[in-house]
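Reading the structure
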Amino acid sequence: MKTITKLFLAVAFISSLSLMSCERTRDGVGLDAMYNAISSGRWYGWTTTLTPGTSTNNLAADQYVEFGKSNGTAYVYNKDGSQVPGSQHTFSFSDTKTMIFDGVTYKIKENFAGSFKTLTLENESGGITTTQAFSR
């Protein structure tokens, strides 16, 4: 009986070590958590800031953004739930610190653990920093 218990514990220990050391498993779990966190709820604020340059509010009054986990698309909606025409934006995560939004690669400024209230994306190219800031 003791031999079976020791054997079982050894197999469990080796299995857990191999899963923890597998980078793909960790990244897959992290990316799934990112998709879940971003797609739950509505985002009522979205600004684009070019530094040096200008800041633009991308949502009119009573509009919000929803990120769709299943199709990798974010849509802008009016208060009544109707989609704003031409408001389709693609997104994906290449890792837990990088998001591709509308074909542009951004670094994610927040460190996520569970849900979050802000999402700040930053891209620096050609001396211009583009920041996409979303808030709930």
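If you're wondering where the values come from, they're calculated on a predicted model, not measured in any experiment. Residue indices follow the written sequence of each chain, beginning from 1 at its first position. pLDDT decides what is reported in this predicted model: residues at 70 or higher carry local features, side-chain atom pairs at 80 or more are listed and counted, and totals for whole chains, interfaces and linings draw on all residues regardless. Calculated side-chain values reflect all of the structure's heavy atoms, with hydrogen atoms and water omitted.

This paragraph deals with the nonpolar core. Core analysis: the largest hydrophobic core is formed by 24 residues, its most contacted members being I38, F67, F91, F93, M99, F101 and L119. Strands here mean DSSP runs of E at least two residues long; helices mean DSSP runs of H or I at least four residues long; both are numbered from the N terminus. Per element, the largest residue contribution to this core is five residues, and it comes from helix α2 (residues 23-39). Any two residues whose heavy atoms approach within 4.5 Å at even a single point are treated as in contact. The contacts of F91, once residues within four sequence positions are left out, are Y35, I38, F67, G68, G72, T73, A74, M99, I100 and F101. Side-chain atoms within 4.5 Å are what join buried Ala, Val, Leu, Ile, Met, Phe, Trp, Tyr and Cys residues into a set we call a nonpolar core. Residue burial is assigned from relative accessible area. The probe radius is 1.4 Å, only protein chains are included, and a residue is buried under 20% of its type maximum, exposed over 50%, and partly exposed in between.

On to the pattern of salt bridges. Salt bridges, as used here, are contacts in which a Lys or Arg side-chain nitrogen is within 4 Å of a carboxyl oxygen on Asp or Glu. For the coordinates displayed, the defined rule picks out three salt bridges. Note that K109 and E122 form a salt bridge whose closest N and O atoms lie 3.6 Å from each other. Taken together, the positions of K109 in the loop between β7 (104-108) and β8 (118-125) and E122 in strand β8 put the pair 13 residues apart, joining distant regions of the chain. When its relative accessible area of 47% is taken as the criterion, K109 is described as partly exposed. Given the relative accessible area of 29%, E122 is considered partly exposed.

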